[in-house]
Structures are given as C-alpha cells and as structure tokens.
Amino acid sequence: MEKTLQELKKYAHLIVDSGLVVGAGGNLSMRHGDFMYISPSGFDLKEVEDNDWAKVDIHTGEVLSDVRPSSEILMHLECYRSRPDITSVLHAHPTYSVAVSTTEHEIPSLFPDFPAMVKSVGYLDYLIPTTHVLADAVKEQVVDHDVIVMRNHGVLTVGRTMKEAYFYMQLTEESAKVFAIGASIGQVRKLTEDECDDLRNLSAEKFRSKLLQEQVEKEKQ
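A short tour of the structure in this document, coming up. (Residues numbered from 1 in each chain as written. Predicted model: local features only at pLDDT ≥ 70, side-chain atom pairs only at ≥ 80, totals over all residues. Heavy atoms only, no water.)

**Quick word on the overall build of the protein chain**
A count of helices and strands for the protein chain gives eight helices and seven strands. Relative to a compact globule of 221 residues, whose C-alpha radius of gyration would be 17 Å, the protein chain shows 17 Å and is just as compact. Seen through its principal axes, the protein chain has C-alpha atoms that stretch 55 × 35 × 30 Å. Residues counted as buried form 48% of the 221 residues belonging to the protein chain. Summarising the internal contacts of the protein chain: among those between residues at least 6 apart in sequence, 66% fall at separations of at least 24. When the accessible surface of the protein chain is split by element, carbon and sulfur atoms take 52% of a total near 11000 Å². Within the protein chain, the 35 negative side-chain charges are centred at a point lying 4 Å from the centre of the 23 positive side-chain charges. (Helix = DSSP H or I, 4+ residues; strand = E, 2+ residues; numbered from the N terminus. Rg over C-alpha atoms; globule rule 2.2 N^0.38 Å. Buried < 20%, exposed > 50% of the residue type's maximum accessible area, 1.4 Å probe, protein only. Contact = heavy atoms within 4.5 Å. Areas by Shrake-Rupley, 256 points an atom, 1.4 Å probe, with all protein chains shown as cover. Lys, Arg positive; Asp, Glu negative; His and termini not counted. Charge placed at Lys NZ, Arg CZ, Asp CG, Glu CD.)

Set out below in structure tokens:
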C-alpha cells in the first residue's frame with residue numbers, strides 16, 4: 001500500500017505542475033488488490049497527504065475511510081471493473097484537449113509518438129460529470145480504449161501503471177496542442193492510417209513498447 005500511495009502523490013504533483021489540471025480539478029486512483037485508493041473531493045492535488053486518499057472496495061463501491069472520495073468515484077470504479085489489466089486511472093482537464101473537444105474535431109495523429117503509443121482514442125459527447133450516466137458511458141468506451149476524450153469536460157486515461165496513464169495523457173494533450181496551433185496557421189496534414197500502421201511496426205517503437213512492458217512487470221513484483 002505504501003508504494004501505491006507514493007505513486008499517487010508523485011503523479012498528483014506531476015499533473016498539477018504540468019498544467020493538466022488547475023485548482024481542485026482532476027482526480028486519480030490506483031488499484032491495490034480488491035481496493036482502489038482515489039483522490040479526495042475538493043482538494044488541490046498537491047496538498048493531498050497519505051492519509052487523505054480514500055480507500056474504496058472495487059466490487060461493492062463501499063468507502064472504507066473517513067475521507068470523502070472524488071465525486072468521479074463511479075467512473076473510476078467502472079474502469080477497474082471493466083479492465084482487470086489496469087492498475088491506474090487518471091482524469092484531467094488539459095487545456096488543448098478540452099479546446100479541441102469542444103469542436104466537431106477529433107484529436108488527430110500529427111507526429112509519430114502519438115499513433116505509435118496511443119492505439120486508439122474514444123470520444124464521448126458531453127454528459128453531466130459525476131453521474132451514473134457518465135460512468136456507464138465510460139464503461140462502454142474503456143473496454144476498447146486507453147484514452148477517452150469527454151467533450152467539453154476533459155480526458156480520462158488508464159494504464160497498467162500510473163506512469164503509463166500519465167504518458168497517454170501527455171501524448172494526447174501534445175497532439176491536441178500541435179493540432180490547435182497548426183490549424184491556426186493553415187491546413188493541417190494528418191498522418192494516414194497506413195503511415196500510422198508503419199510507425200507502430202517500426203523496430204524502434206516495438207522496442208520502446210517492450211521496455212514499457214518490462215517496467216510494468218517490474219512494478220508488479
């Protein structure tokens with residue numbers, strides 16, 4: 001449990017410092033056995049101490065601590081219930097991703113890292129946050145996607161480690177930023193599906209994926 005809390009604190013600070021959330025926005029959680037530890041409601045994420053993380057039974061949803069969990073608790077629970085392969089869920093409000101999500105556009109593949117590492121992105125039209133409606137919609141999307149863009153709201157990423165979930169969030173926001181800047185200058189050239197497939201099959205990208213998988217296995221030990 002101590003290692004889980006250390007990881008949560010580390011990435012809570014990172015997502016604030018990198019501008020992926022402001023104020024008390026955003027939330028993150030990690031699985032520990034049959035339980036998850038999730039950020040508390042109303043806290044600036046950089047001010048969350050070890051005893052502030054809310055412990056929740058994943059199967060029943062029962063809160064097992066005195067701390068009030070994030071209002072997005074239902075969304076996190078559905079991710080873990082739907083994906084036994086993941087240990088981490090990260091929800092943030094990255095500026096460029098939210099901006100692109102308010103339009104009819106999707107965040108395109110514009111540079112190699114994005115399609116090579118992020119296999120697919122799911123999209124949800126605006127749904128009221130913190131509700132069963134949003135949680136149920138996320139449940140359907142997370143089965144097939146590690147990144148879910150919620151229009152007019154934010155982005156949710158999941159990973160086998162918190163580092164992986166954070167990496168997906170960074171890549172999504174960077175691609176949205178490149179798209180927004182490029183579109184303000186002129187016509188944006190998107191990578192084709194064939195080009196994206198070629199990138200995923202590059203030996204260098206396969207090697208990077210292998211290193212990431214090895215890290216996942218190491219952190220499980």
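Moving on, there is more to tell.
**Some words on the packing of helix H1 (residues 2-17) against helix H6 (residues 162-185)**
Where H1 meets H6, the axes come as close as 11 Å, and the angle between the chain directions of the two elements is 10 degrees. In terms of their interaxial angle, H1 and H6 are classed as roughly parallel. Along this stretch, H1 crosses H6, giving a crossing that reads as right-handed. Each of Leu 8, Tyr 11, Leu 14 and Ile 15 in H1 lies in contact with H6, whose residues at this interface are Met 162, Lys 163 and Tyr 166. A class-by-class count of the residues in the contact of H1 with H6 yields six nonpolar, no polar and one charged. (Axes fitted to C-alpha atoms, helices over the stretch in contact; angles between N-to-C directions. Parallel < 35°, antiparallel > 145°, perpendicular 65-115°, else oblique. Left-handed = near helix turned anticlockwise from the far one by under 90°. Nonpolar A, V, L, I, M, F, W, Y, C, P; charged D, E, K, R; others polar.)

**Overview of the environment of Glu 47**
If you trace the backbone, Glu 47 turns up in the loop between strand S2 (35-38) and strand S3 (54-57). Classification of Glu 47 by relative accessible area gives exposed; the value is 53%. Once the C-alpha coordinates of Glu 47 and Ala 180 are considered, the two residues, 133 residues apart in sequence, prove to be 32 Å apart.

**Considering the pattern of salt bridges**
On inspection of all chains with the given rule, the structure shows nine salt bridges. Residues Asp 125 and Arg 151 are paired through a salt bridge, measuring 3.8 Å at the closest nitrogen-oxygen approach. In this pair, Asp 125 is assigned in the loop between strand S5 (121-124) and helix H5 (132-142) and Arg 151 in the loop between strand S6 (147-150) and strand S7 (154-159), connecting sequence segments 26 residues apart. Accessibility expressed as a relative area gives 12% for Arg 151, which makes it buried. With a closest N to O distance of 2.7 Å, Arg 189 and Glu 195 form a salt bridge. A relative accessible area of 27% places Glu 195 in the partly exposed class. Within this structure, Arg 83, Asp 85 and Asp 146 form a network of salt bridges that share partners. (Salt bridge = Lys/Arg side-chain N within 4 Å of Asp/Glu carboxyl O.)

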